[in-house]
Amino acid sequence: MGKDKKKEEAVFLRKKITLLRAFSLLIGSMVGSGIFISPKGVLKNSGTVGFSLVVWFACGLLSMFGALCYAELGTRITKSGGHYIYILETLGPLPSFLFLWAEFFAIRPANSAVVSLAFGRYLLEPFFAPCAAPVPAVKLVSLLGYYAVLTLNSWSVTWSARLQTALSFVKLLALMLIIVPGMMLLAQGHTKNFQDAFDRQSLVPDKLPLAFYAGMFAYSGWFQTSFVREELVRPERNIPLAVIVSVITVIMGYMLTNISYYTALGTQDVLASPAVAVSFVQQACTNLISVVPVLVALSCFGTMNGGILTFSRTLFVASREGQWPPLFSMIHIRSHTPLPAVMLMFPLVTAMVCIGDIYHLLNFFSFSRWLFIGLATLGLIVHRYRHPELQSPFKVPLFVPVSFTIICLFTVAMSIYSDPVNIGIGCTIVLSGFPVYYLVIHRKMSNRCHRLLYYLTHKLQLLLEVVQQEIKTY
């Protein structure tokens, strides 16, 4: 009895993410702002309707390859942390720290800002139609939505997971309310927007990497279960099953959604629209004009929730591995959430929402994200070579990680030519991590610095009511 009570009172991350919750996390993270804002970016940089649909399908196929690679990594490496822990375990501490540095200062805050801004825009759009919603109002509502999700994740893992499950069904409903009217219009013969769908004169090859960035952003939640690996029930079974079913579901949904968009909207309509889903509803089904934007906003809300749920685990694991301050590996004594890691993103996301623009932010963080995802799948190849004796319960053919890695790194290299300013900023942030690594991680800190860090950690630990976890999981 006393032993059971002690186990119940222990402070650690519980295994609370079942197969359904893992599926909901993936669906909830993939189907968010991307499918409602990326069609404009994909079409703009691919040139025509036909080529944009090819890009959407290729991005889906590429996501499936990446998801399969991460599923194998998740069965080989039993720690949470996603990209970070995979790079650390396969390629070493320097590349993993550079990823952590870029993730904290560029990738995650910019990604969260994009989703938050989409949430604010779609939530306010019905109130200001046919005019665009005022930018200050959009940014204020975006921040309020982000802060609400931040508070929930600080309070309860269980309720965050339950919200993710509920909003996953809302996301699928939002897609169905676009797909069904679109397919009905297509069946009635509305095909004029598909004429000259593959006009090569409109294709600009050097812009295709940016089209892939926009498309891959829409699919980019396929890796989320790897961040919460230690909290998954039966991960060796549930990770592969969840990623395969969810990615196939999303590919089908995205292709049908884009066909629906193009059935009702011409090329110029899509390019001129600040909110493609709202423009579609105005053209195809005006009786849903007040419903679809709210459902889209809720979809974005779910993506924000999934992003915070998973990124806080990256900081948590990095702190536990000694590459981030120790405070961020601590757990709240009552809610059992990684409170310090959850709250750390607050200032950077606030700043990027206030000063950023959706499409510039998208290009800005995509360079770093796909560079390190490519390195993580390269790490899978390295790990297989170094540990041939390791029998993984899930294994993909070698051509899958090889193809995915080459495509990722090639797209990253091409994007430097396509958008040198934003990519240059992203590259600079990655490179700035080198001196920090050698000064703070590689070299031993002085005793004075250690004492100061210990003092600050102790004071913040008392303030936030957090402690080191006693065991990992059960």
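Everything below is about the structure shown above.
Below: a short report on this structure.

Basis of the calculations
Residues numbered from 1 in each chain as written. Predicted model: local features only at pLDDT ≥ 70, side-chain atom pairs only at ≥ 80, totals over all residues. Heavy atoms only, no water. Helix = DSSP H or I, 4+ residues; strand = E, 2+ residues; numbered from the N terminus. Areas by Shrake-Rupley, 256 points an atom, 1.4 Å probe, with all protein chains shown as cover. Lys, Arg positive; Asp, Glu negative; His and termini not counted. Charge placed at Lys NZ, Arg CZ, Asp CG, Glu CD. 1 Å grid on protein atoms, 1.4 Å probe; cavity = no way out; pocket = protein on both sides within 12 Å on 5 of 7 lines; lining within 4 Å. Points joined across faces, edges and corners; volume = space filled by probe spheres on them. Nonpolar A, V, L, I, M, F, W, Y, C, P; charged D, E, K, R; others polar. Axes fitted to C-alpha atoms, helices over the stretch in contact; angles between N-to-C directions. Left-handed = near helix turned anticlockwise from the far one by under 90°. Contact = heavy atoms within 4.5 Å. Patch = residues over 30% accessible without salt bridge, like charges linked within 9 Å, V, L, I, M, F, W, Y side chains within 5 Å. Salt bridge = Lys/Arg side-chain N within 4 Å of Asp/Glu carboxyl O. Buried < 20%, exposed > 50% of the residue type's maximum accessible area, 1.4 Å probe, protein only. Phe/Tyr/Trp six-rings, centres within 6.5 Å; stacked < 30°, edge-to-face > 60°. Lys NZ or Arg CZ within 6 Å of the ring centre and 35° of its normal. Disulfide = S-S within 2.5 Å.

Let us look at the overall build of the protein. The number of helices and strands found in the protein is 20 helices and two strands. Here the C-alpha coordinates of the protein stretch approximately 70 × 45 × 40 Å along the principal axes. As displayed, the protein offers around 19600 Å² of accessible surface, 68% of which is attributable to carbon and sulfur atoms. Of the side-chain charges in the protein, 36 are positive and 20 negative, and the distance between the mean point of each set is 6 Å.

Tallied over the full model, the rule gives five cavities of 30 Å³ or more. A volume near 170 Å³ is recorded for the largest cavity. Taken together, 20 residues make up the lining of the largest cavity; nearest its centre are Ser29, Asn111, Val115, Ser220 and Thr303. Mapped by element, the contributors of at least two residues to the lining of the largest cavity are helix 2 (19-30), helix 6 (93-128), helix 9 (208-219) and helix 13 (292-320). Taken together, the residues of the lining of the largest cavity sort by class into seven nonpolar, 11 polar and two charged. Around the second largest cavity sit Leu62, Phe212, Tyr213, Met216, Trp370, Cys408 and Thr411, which together line it. Secondary-structure elements contributing two or more residues to the lining of the second largest cavity are helix 9 and helix 17 (399-418). Considering each element in turn, the lining of the second largest cavity owes the most residues, three residues, to helix 9. Taken together, the residues of the lining of the second largest cavity break down into six nonpolar, one polar and no charged.

Attention shifts here to the packing of helix 6 against helix 7 (residues 135-155). As a packed pair, helix 6 and helix 7 sit with axes 8 Å apart at the nearest point and diverge in direction by 115 degrees. Considering how the two elements wind past one another, helix 6 and helix 7 form a crossing that is right-handed. Here Ser112, Ser116, Leu117, Phe119, Gly120, Arg121, Leu123 and Leu124 of helix 6 come into contact with helix 7, specifically with Ala137, Val138, Lys139, Val141, Ser142, Gly145 and Tyr146. Here the residues of the contact of helix 6 with helix 7 are counted per class, giving eight nonpolar, five polar and two charged.

Turning our eyes to something else, we now look at a nonpolar patch on the surface. A surface patch of nonpolar side chains, amounting to about 280 Å² of accessible area, comprises Met176, Val180 and Met184. Inspection of the secondary structure puts methionine 184 in helix 8 (residues 157-187). Owing to a relative accessible area of 49%, methionine 184 belongs among the partly exposed residues under this scheme.

In this section: unusual backbone geometry. The phi torsion at arginine 234 lies on the positive side, around 50 degrees, for a residue other than glycine. Looking at where arginine 234 falls in the secondary structure, it is placed in the loop between helix 9 and helix 10 (235-264). Arginine 234 sits in the partly exposed class, given a relative accessible area of 48%.

Right, let's get into the pattern of salt bridges. Under the defined criterion, the tally for this structure stands at five salt bridges. The partner of lysine 79 in a salt bridge is glutamate 89, and the shortest N-O contact between them spans 3.2 Å. Of this pair, lysine 79 sits in the loop between helix 4 (49-76) and helix 5 (83-91) while glutamate 89 sits in helix 5, placing them 10 residues apart in sequence. Of the residues examined, glutamate 89 reaches a relative accessible area of 35% and is grouped as partly exposed. One salt bridge in this structure joins glutamate 103 and arginine 108, with 3.2 Å as the shortest N-O distance. Across the pair, exposure class does not vary: glutamate 103 and arginine 108 are buried alike. A single network of salt bridges, built from pairs that share partners, joins Glu72, Arg76 and Arg384.

It is worth spelling out the packing of aromatic side chains at this point. Inspection of the entire model under this criterion finds 21 aromatic pairs. Between phenylalanine 51 and phenylalanine 198, the ring centres sit 5.4 Å apart and the planes meet at 85 degrees, which makes this aromatic pair edge-to-face. Of this pair, phenylalanine 51 sits in helix 4 while phenylalanine 198 sits in the loop between helix 8 and helix 9, placing them 147 residues apart in sequence. Residue phenylalanine 51 is classed as buried on the basis of its relative accessible area, which comes to 18%. With centroids separated by 6.0 Å and ring planes inclined at 75 degrees, the aromatic side chains of tyrosine 261 and phenylalanine 280 adopt a geometry described as edge-to-face. Here the residue tyrosine 261 occupies a position in helix 10, and phenylalanine 280 occupies one in helix 12 (residues 276-284), the gap between them amounting to 19 residues. The side chain of arginine 162 reaches across the aromatic face of tryptophan 159, ending 4.7 Å from its centre.

Checked against the element boundaries, threonine 350 lands in helix 15 (residues 346-355). Residue classification places threonine 350 among the buried positions, given a relative accessible area of 18%.

As a further point, take the state of the cysteines. Such a bond, covalent and formed between the sulfur atoms of two cysteines, is termed a disulfide. Scanning the entire structure with this criterion turns up zero disulfides. Just so you know, cysteine 59 is unpaired, no disulfide at all, and the nearest cysteine sulfur is the one on cysteine 408, 10 Å from it. A residue is classified by how much of its surface remains accessible, and cysteine 59, at 0% relative accessible area, is buried. The cysteine cysteine 427 is free of any disulfide, with cysteine 408 supplying the nearest cysteine sulfur at 16 Å.

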